[in-house]
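Listed here are the chains, written in short residue letters.
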Amino acid sequence: MSTQEHPLGISFEFFPPSTDAGREKLVGVRDALASRAPRFFSVTFGAGGSTQDRTLNTVRMVRESGFTTAPHLSCIGSDKGALRELLSRYREEGIDSLVALRGDLPSGMGGGGIGQLRYANELVEFIREETGDHFEIAVAAYPESHPQARNLDHDLTNFARKMKAGADIAITQYFFSAEAYFHFVERARALGVEAPIVPGIMPITNYTKLARFSDACGAEIPRWIRKQLESYGDDSEAIGAFGEEVVSRLCQRLLDGGAPGLHFYTLNQAAPCLRILDNITG
């Protein structure tokens, strides 16, 4: 990792662009965010060969910033041989950090295509068996519970299992309730989880997209935030200003309460993240 890291332990997530214009734009976004000396960048992953290649190509481009770049790795839909080959490829590329996820079942794939590893804890165990301590491994956490979990207790048990399988750090799904994060961390500590649990942060710039993302991943948008955003209609400037205020306050409260850093879901945009960072201290 870079020797000049941000004191807050911030990090940023990108998704692989699908067009030349998107790739050119991401270079500028990368450089703007690299100016804040992040602990690392991460790059999302989709099942299937073409998106795997896009992930690796994006990782290569982002790593040109000089900062650690962690590809997402999911196990759903992949067998151990394919995962072993991908891990070997990442090691050859000099990549030493991963975000290990269960992943979503690809569209149209039946239960027989789930793969040999069904859960993230099994993926973490497999990575450790194959590569020892080569990779720093991050896993996902869900302060408001995974959308498919039976209940919060069950989800917390699964989370603790992932961490004890060999994960070094956890990054949460985004949320807008600091209380949900602090409650989750407290419960996780009671289950013996000692590793950092970094809150995931989603800047608010587009209400329609935010509502769609949140409904899909189970992230709760508090009613008062929804109502205010709805009142702005198509006024993107008002939505952005309100979102910046709300998320900046959330970040400050998280840091004041002891959060070890912030992980921004950038949606390949720099400006919203930079404005939030300019508003907070710590």
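No experiment lies behind these values; they were computed from the predicted model shown.

To continue, consider the packing of aromatic side chains. One pass over the full model with this rule turns up 11 aromatic pairs. Ring geometry for Phe 41 and Phe 67: centres 6.3 Å apart, planes at 85 degrees, overall edge-to-face. With a gap of 26 residues between them, Phe 41 in strand β2 (residues 40-43) and Phe 67 in the loop between α2 (49-63) and β3 (69-74) connect regions that are remote in the sequence. Like Phe 67, Phe 41 is buried.

Let us look at the sheet that holds β2. Pairing in this closed barrel of eight strands is parallel, and the strands run β1-β2-β3-β4-β5-β6-β7-β8 around the ring. Recorded for the sheet is a direction-independent mean angle of 30 degrees between the axes of neighbouring strands. Bridging between strand β7 (residues 197-201) and strand β8 (residues 263-265) involves two bridges; their strand directions are parallel. When the bridges of β8 are listed, Gly 200 appears paired with His 263. Sheet strands touched by helix α4 (residues 120-131): β3, β4 (97-101) and β5 (136-141). Its angle to β4, the strand with the most contacts, is close to 145 degrees.

The subject of this paragraph is the confidence of the model for the protein. The share of residues in the protein with pLDDT of 70 or more is 89%, and the mean pLDDT across the chain is 89. Counting interchain partners and residues more than four positions distant, the pLDDT-below-50 stretch residues 107-113 has five contacts.

Positive phi values are uncommon outside glycine, yet Ala 37 reaches one of about 50 degrees. Within the secondary structure, Ala 37 is located in the loop between α1 (20-34) and β2.

A few words now on the pattern of salt bridges. Under the defined criterion, the tally for this structure stands at 13 salt bridges. The residue Glu 93 makes a salt bridge to Arg 60 at a minimum N-O spacing of 2.5 Å. Of the two residues, Glu 93 is situated in the loop between α3 (80-92) and β4 and Arg 60 in helix α2; the sequence distance between them amounts to 33 residues. The salt bridge partner of Glu 244 is Arg 275, with a shortest N-O separation of 3.3 Å. A residue pair is termed long-range when its members are at least 10 positions apart, and Glu 244 in helix α9 (residues 236-256) and Arg 275 in helix α10 (residues 271-279) qualify at 31 residues. Here Glu 244 falls in the partly exposed class, since its relative accessible area comes to 21%. Linked through salt bridges whose partners overlap, the residues forming this network are Arg 30, Asp 31 and Glu 64.

The next point concerns the packing of helix α5 (residues 152-164) against helix α6 (residues 178-190). For the pair α5 and α6, the least separation of the axes is 10 Å and the interaxial angle reads 60 degrees. In terms of axis orientation, α5 runs oblique to α6. The hand of the α5/α6 crossing is right-handed. Residue-level contacts link Leu 152, Asp 153, Leu 156 and Phe 159 of α5 to His 183, Phe 184, Arg 187 and Ala 188 of α6. Residue composition of the contact of α5 with α6, grouped by class: five nonpolar, one polar and two charged.

Burial within strand β6 (residues 169-174) is extensive, with six of its six residues counted as buried. Bridge analysis of β5 against β6 gives four bridges, and the strand direction is parallel. If you follow Ala 138 over to β6, its bridge partner there is Ile 169. Taken together, β5, α5 and β6 form a β-α-β motif whose crossover is right-handed. Note that β6 and β7 share three bridges and pair parallel. Bridge pairing in β7 links Tyr 174 to Gly 200. Taken together, β6, α6 and β7 form a β-α-β motif whose crossover is right-handed.

The rules behind these values
Residues numbered from 1 in each chain as written. Predicted model: local features only at pLDDT ≥ 70, side-chain atom pairs only at ≥ 80, totals over all residues. Heavy atoms only, no water. Phe/Tyr/Trp six-rings, centres within 6.5 Å; stacked < 30°, edge-to-face > 60°. Helix = DSSP H or I, 4+ residues; strand = E, 2+ residues; numbered from the N terminus. Buried < 20%, exposed > 50% of the residue type's maximum accessible area, 1.4 Å probe, protein only. Pairing = 2+ DSSP bridges. Axes fitted to C-alpha atoms, helices over the stretch in contact; angles between N-to-C directions. Contact = heavy atoms within 4.5 Å. pLDDT = per-residue confidence, 0-100. Salt bridge = Lys/Arg side-chain N within 4 Å of Asp/Glu carboxyl O. Parallel < 35°, antiparallel > 145°, perpendicular 65-115°, else oblique. Left-handed = near helix turned anticlockwise from the far one by under 90°. Nonpolar A, V, L, I, M, F, W, Y, C, P; charged D, E, K, R; others polar. Right-handed = clockwise from strand over helix to strand, strands pointing away.

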